[in-house]
Amino acid sequence: MITIKDIAKEANVSEGTVDRVLHNRGGVSKKTEAKIREIIKKRKFRVNPVASALALKNNHKIATLIPEYNDSDLFWKSPYLGILKASEDVKNIGTQVNCYTFNQYNAHAYLNTFKTLLKTKPTAVLIVPIFIEETKQIVNELEKLKIPYMFLNIDIEGFKNEAFIGQDSYTAGYIAGKLMHLSLPEQSNYLIIQSRYKTTKNNAISKRIEGFNDYFSKNNIKEETLILTIENLNNTKETKEKINSFLKLHKAIKGIFIPSSRIHVFADYIEKNELKKLTLIGFDNTPQNIACLKNDTVSFLISQKPFDQGYESIRLMVNYLNKKTIPNNKIYLPIDILTKENVIYNERNEFMFENENINNMG
């Protein structure tokens, strides 16, 4: 029996797009709609009344609480698009997904956005737990109301979240250490640059740094690793002076590890004559980071599959709500090592989904 998934595959669109056509919800270009309706007619597809009844019976509402993105920091766009695609795919089984975003540097915005979210009476909540004290308040409220919740991207211990979906940050940092060591000659020193202090315990940044350092200690490698902390990344002049002065003072530094998605910022700040001598390793395939990879200012990027994080978190939550089971308390996604040569093959699902939605609205 043909399914919505089969139609979507044949039409080269998402299941959510097919669902919009079936239920006349709009938002699909005339050309795409005509193609879908032709396949529906040719395949003699009929909406399954049992599935429709099940959808009405389930009627779940998932709320997501994630940081907002902007042109200077595009990382959170990928999880958002993953959530959006999953929300389209689960509509036909009676699940509504509402996404709420907040300023990732503002703890009050985090808490206030949650309060707005809670007024919608969600069945379950997906959280990026950036601020630990505010997260305690949030989960206390959710537990009091018996609303299940999961953590996305940032893993904090000591909470009763049903699951964590994201990267094994320690292993990712360990891999970065190995890449750095294998890329450089012996007797090289390394620099870790932290852009700001985060208020979460055991967050992704600190775990990556721990993994990076452990690679060298566990393999009895004696190279020295230095740490430079930048308090205000937005102060361009001060940051440039601080980084370049540090590099001139420590001439043995041959590699720089940036345990965040902002490696493109530091690549721009380092003087060009110094940059040529350095191996830079950072995280995430944002457009700015990919540009640095392609022009050889960055040697490696480690991807944490942010689009898949968003998508899989919704699918996992839906399965939990419908079946009350999850495969594991920690759901780690693959760790991809991106180079200049292979980066174009990464996150194809994200690019296809984004392009499809742009075309459908045109």
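Below is a short write-up of the structure. Nothing here was measured: the structure is a model prediction, and the numbers come from that model.

## Section: the environment of Ile4
- Positionally, Ile4 belongs in helix α1 (residues 4–11).
- Remark: the alpha-carbon pair of Ile4 and Glu15, spanning eleven residues in sequence, is separated by 6.2 Å.
- What Ile4 contacts, discounting residues up to four positions off in sequence, is Glu15, Val18, Asp19, Leu22, Phe45 and Asn92.

## Regarding the pairing of strand β10 (residues 300–303)
- Residues Phe300 and Ile302 of β10 are buried on one face, and the alternating residues Leu301 and Ser303, pointing to the opposite face, are buried as well.
- The parallel pair strand β9 (residues 279–283) and β10 is bridged by helix α13 (residues 287–294), and the resulting crossover is right-handed.
- Looking at chain direction, β10 and strand β12 (residues 336–338) are connected through three bridges and run antiparallel. Within β12, the residue paired with Ser303 across the bridge is Asp336.

## A word on the side chain of Asn153
- Position of Asn153 among the secondary structure elements: in the loop between β4 (149–152) and β5 (164–166).
- Given the relative accessible area of 6%, Asn153 is considered buried.
- At 3.1 Å, the side chain of Asn153 forms a polar contact with the side chain of Gln309.
- In contact with Asn153, other than residues within four places in its own chain, are Phe75, Trp76, Phe164, Ile165, Gly166, Ala204, Gln304 and Gln309.

## As for helix α3 (residues 30–43)
- Spanning 14 residues, α3 covers 20 Å between terminal C-alpha atoms, matching the ideal 20 Å at 1.5 Å per step.
- Those residues of α3 that fall on the buried side of the exposure criterion are Thr32, Ile36, Ile39 and Ile40. Buried residues of α3 fall within an arc of 100 degrees about the axis and therefore sit on the same side. For α3, the exposed residues set more than 90 degrees away from the buried face come down to Lys30, Lys31, Glu38, Lys41 and Lys42.

Definitions and cut-offs
Residues numbered from 1 in each chain as written. Predicted model: local features only at pLDDT ≥ 70, side-chain atom pairs only at ≥ 80, totals over all residues. Heavy atoms only, no water. Helix = DSSP H or I, 4+ residues; strand = E, 2+ residues; numbered from the N terminus. Contact = heavy atoms within 4.5 Å. Buried < 20%, exposed > 50% of the residue type's maximum accessible area, 1.4 Å probe, protein only. Right-handed = clockwise from strand over helix to strand, strands pointing away. Pairing = 2+ DSSP bridges. Polar contact = N/O pair within 3.5 Å; in protein donor to acceptor, adjacent residues only side chain to side chain. Expected span 1.5 Å × (residues − 1). Arc of directions from axis to C-beta.

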